[in-house]
Amino acid sequence: MTILDGKNLAHEIKQEIAAEVAQIKAMGGNVPHLAAVLVGDNPASQAYVRNKVNSCDECGFESTLIKKDDSISEEELLEIVNDLNENPDIDGFIVQLPLPKHIDESKVTLAIDHRKDVDGFHPINFGRMAQGLSSYLPATPFGILQMLERYNIETQGKHCVILGRSNIVGTPMGILLSRKAYPGNCTVTLTHSRTADISNQVRRGDIVIAAIGVAHFVTADMIKEGAVVIDVGMNRIEDPTRKRGYRLVGDVDYDNVAPKCSFITPVPGGVGPMTVTSLLLNTLKASRKEIYG
Ligand code: GUN
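Values in this document were obtained by computation on a predicted structure and should not be read as measured data.

Close to the ligand lie K52, V95, Q96, L97, D119 and F121. One nitrogen or oxygen atom from the side chain of D119 is found 2.6 Å from a nitrogen atom belonging to the ligand. Within the complex, 80% of the 280 Å² of free accessible area of the ligand lies under protein. Taken together, the residues that form the shell around the ligand break down as 3 nonpolar, 1 polar and 2 charged.

This brings us to the pattern of salt bridges. The tally for this structure, following the rule as stated, stands at 10 salt bridges. Among the salt bridges present, the one from R150 reaches E16, with a minimum N-O distance of 2.8 Å. Of the two residues, R150 sits in helix α6 (residues 139-150) while E16 sits in helix α1 (residues 6-26), which places them 134 residues apart along the sequence. The exposure class of R150 is partly exposed, given its relative accessible area of 40%. A salt bridge links K107 to E74; its shortest N-O distance comes to 2.9 Å. Placement of the pair is K107 in helix α4 (residues 105-111) and E74 in helix α3 (residues 74-86), with a sequence separation of 33 residues. Connected through salt bridges with shared partners, the residues E20, R288 and E290 form a single ionic network.

This next bit is on the packing of α1 against helix α10 (residues 271-287). Two elements in contact, α1 and α10, have axes whose closest approach is 8 Å; the angle formed by their N-to-C orientations is 20°. Considering the angle they form, α1 stands roughly parallel to α10. For the crossing formed where α1 meets α10, the hand is left-handed. Side by side, α1 and α10 meet where G6, K7, L9, A10, I13, K14, I17, E20, V21 and I24 of the first sit next to P273, M274, T277, L280, L281 and L284 of the second. In the contact of α1 with α10, the residues fall into 11 nonpolar, 2 polar and 3 charged.

In this section: the environment of M27. Structurally, the position occupied by M27 is in the loop between α1 and β2 (33-39). In sequence terms M27 and F121 are 94 residues apart; their C-alpha atoms lie 32 Å from each other.

Picture the strands of a sheet paired through backbone hydrogen bonds; they go either parallel or antiparallel. What the 6 strands build is an open sheet, ordered β1-β11-β8-β7-β5-β6; its pairing is parallel. Among the strands making up the open sheet, the edge pair consists of β1 (2-3) and β6 (187-191). Here 4 bridges tie strand β7 (residues 207-210) to strand β8 (residues 227-231), and the two strands are oriented parallel to one another. Within β8, the position partnered with A210 by the bridge is D231.

The biggest cluster of nonpolar side chains holds 45 residues, and the ones touching the most others in it are I17, F61, L177, I209 and I230. Considering each element in turn, this core owes the most residues, 7 residues, to α10. The residues touching I230, leaving out its near neighbours within four places in the chain, are L4, I144, L148, V208, I209, A210, T265 and V271.

Thresholds applied
- Residues numbered from 1 in each chain as written.
- Predicted model: local features only at pLDDT ≥ 70, side-chain atom pairs only at ≥ 80, totals over all residues.
- Heavy atoms only, no water.
- Near = heavy atom within 4 Å.
- Polar contact = N/O pair within 3.5 Å; in protein donor to acceptor, adjacent residues only side chain to side chain.
- Areas by Shrake-Rupley, 256 points an atom, 1.4 Å probe, with all protein chains shown as cover.
- Nonpolar A, V, L, I, M, F, W, Y, C, P; charged D, E, K, R; others polar.
- Salt bridge = Lys/Arg side-chain N within 4 Å of Asp/Glu carboxyl O.
- Helix = DSSP H or I, 4+ residues; strand = E, 2+ residues; numbered from the N terminus.
- Buried < 20%, exposed > 50% of the residue type's maximum accessible area, 1.4 Å probe, protein only.
- Axes fitted to C-alpha atoms, helices over the stretch in contact; angles between N-to-C directions.
- Parallel < 35°, antiparallel > 145°, perpendicular 65-115°, else oblique.
- Left-handed = near helix turned anticlockwise from the far one by under 90°.
- Contact = heavy atoms within 4.5 Å.
- Pairing = 2+ DSSP bridges.
- Core = buried A, V, L, I, M, F, W, Y, C linked by side-chain atoms within 4.5 Å.

Okay, here's the thing in structure tokens:
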């Protein structure tokens, strides 16, 4: 069994990106500039955005953080999005989700100029991805593809079972892994909360990708011997032995599942760090105007 070390791989990829940025700087080129909009004080969102900004620093990118109180109106947030769309210094930007309940997330996503949508959430980027055209790929599926590729994991002809049909993980992951490409050429089963006998579906998976947000949902009896298991879950469970009173666990019962796997991602340190490298790679593409000219 091999542990897919996302932390180490993300570090390696960030070093490669930093070397490219150093070269861009030496040639007097356009230094990538990412902006992030953070609304409210959700601790997980704060931590994610901090990590994104720090990663920009590590790679020599410029970054701008716009923090707003959760009392901000939808109209004010849309104005910020519009300003970022029009600001020529900003190559790409993200609005961290979730947003407060009084703000319509899809309205905000649609307001982002697709040419600066480095999260890949805009329907134009999603649609282009679905048709196999170049686009900004959403961070988590893109991170998983990078991981499969860097570890030379065979995907062609494999049966991939995905748990969860979200717009940002499960659904795009299914589209990407069924493409005629590497990584890809999988036969994909997309399971969700209404799937009948989900255990039997998961048991058929040569590659299992868990993204449902339920701690330890995937148990050893659901996993085929030799499967590749990718855990996107990031769930807090109570743990009085920890100073903060909780610990983070994935959607997979790691201790019991790992011995049956050929490859498995840990939580934390698996998929999580790879999502940031995706965002950096998309921002680099945006600064080079690779996709939309
Ligand atoms: N919230 C959880 N994941 C993400 C992400 O990839 N991008 C944004 N903008 N918000 C998120």
